[in-house]
Amino acid sequence: MPIEVNGKSFETDEEGYLANINDWEAGVAEVMSKEDDLELTDEHWDIINFLREYYEEYQIAPAVRVLTKAVGKKMGKDKGNSKYLYGLFPYGPAKQACRYAGLPKPTGCV
C-alpha cells in the first residue's frame, strides 16, 4: 500500500516498509510516525539517522540486540539500552525505527 509524501507516492510492502530504500526521504518517516500516533523528536531522529548510517556501512538492518549494543557504543549507555529505545519506539525499536528509516525489516524480527 503506497504512502503519500509531499505529493509523491512511495510503494511499501504488506508490513509498511518501503519497497525501495533509495526512495527514502525524511517526510517518509514523518508520515509513518503520524500513522502510529508518534511525534518524532530529535532523539528519534538520532536513532533513525544512526540506523541509516549503520545500514550504509553493513548493508543490513540490525535486530534489537545488535541495535542496542551499537547505539550504546556510539551514543553512550544512557541511550544504548532497551528501556530508552522502547521509550522512543514502543512498537519495537528495531522494527519501527527501521521502517521509519526506510530500511528493510531487520532479520530475526517477527
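Residues numbered from 1 in each chain as written. Predicted model: local features only at pLDDT ≥ 70, side-chain atom pairs only at ≥ 80, totals over all residues. Heavy atoms only, no water.

Per an unreviewed UniProt entry, the protein carries the name Sulfurtransferase and comes from Thiorhodovibrio frisius. Recorded in UniProt for the protein, the comment headed Function (unreviewed entry) runs: "Part of a sulfur-relay system." On record in UniProt, under Subcellular location (unreviewed entry), the comment for the protein is "Cytoplasm". (UniProt positions renumbered as here; feature names shortened; annotations may be inferred.)

Colleague: Help me understand the overall build of the protein, please; the structure alone is not making it clear to me.
Modeller: Of the regular secondary structure elements, the protein holds five helices and two strands. In the protein, the succession of helices and strands from N to C terminus is β-β-α-α-α-α-α. Here the protein has a C-alpha radius of gyration of 13 Å; the compact-globule value for 110 residues is 13 Å, and the two agree. C-alpha atoms of the protein, sized along the principal axes, occupy 40 × 25 × 25 Å. Relative to its 110 residues, the protein shows a buried fraction of 42%. A fraction of 52% describes how many contacts in the protein between residues 6 or more apart in sequence connect residues 24 or more apart. With the model as given, the accessible surface of the protein reaches about 6500 Å², and the carbon-plus-sulfur share is 50%. Placing the 13 positive and 19 negative side-chain charges of the protein at their respective mean positions leaves the two points 10 Å apart. (Helix = DSSP H or I, 4+ residues; strand = E, 2+ residues; numbered from the N terminus. Rg over C-alpha atoms; globule rule 2.2 N^0.38 Å. Buried < 20%, exposed > 50% of the residue type's maximum accessible area, 1.4 Å probe, protein only. Contact = heavy atoms within 4.5 Å. Areas by Shrake-Rupley, 256 points an atom, 1.4 Å probe, with all protein chains shown as cover. Lys, Arg positive; Asp, Glu negative; His and termini not counted. Charge placed at Lys NZ, Arg CZ, Asp CG, Glu CD.)

Colleague: Explain the nonpolar core here, please?
Modeller: One broad rule of soluble globular proteins: the nonpolar side chains tend to lie buried together. With 30 residues, the main nonpolar core has Val28, Ile47, Ile48, Leu51 and Tyr100 as its most contacted residues. Ranked by residues supplied to this core, first place goes to helix H2 (residues 42–58) with seven residues. The residues touching Tyr100, leaving out its near neighbours within four places in the chain, are Trp24, Ala29, Met32, Ser33, Asp36, Leu38, Leu40, Ile48 and Phe89. (Core = buried A, V, L, I, M, F, W, Y, C linked by side-chain atoms within 4.5 Å.)

Colleague: Please explain the pattern of salt bridges as it appears in this structure.
Modeller: One pass over the structure, following the stated rule, counts six salt bridges. Across the salt bridge formed by Arg99 and Asp36, the nearest N and O atoms sit 2.5 Å from each other. Here Arg99 is found in helix H5 (residues 93–100), whereas its partner Asp36 is found in the loop between helix H1 (26–35) and H2, with 63 residues between them in sequence. Arg99 sits in the buried class, given a relative accessible area of 11%. Its relative accessible area of 18% is what places Asp36 among the buried residues. The shortest N-O distance in the salt bridge between Lys79 and Asp46 comes to 3.7 Å. Residue Lys79 is found in the loop between helix H3 (64–75) and helix H4 (82–88), and its partner Asp46 is found in helix H2; the two are separated by 33 residues along the sequence. (Salt bridge = Lys/Arg side-chain N within 4 Å of Asp/Glu carboxyl O.)

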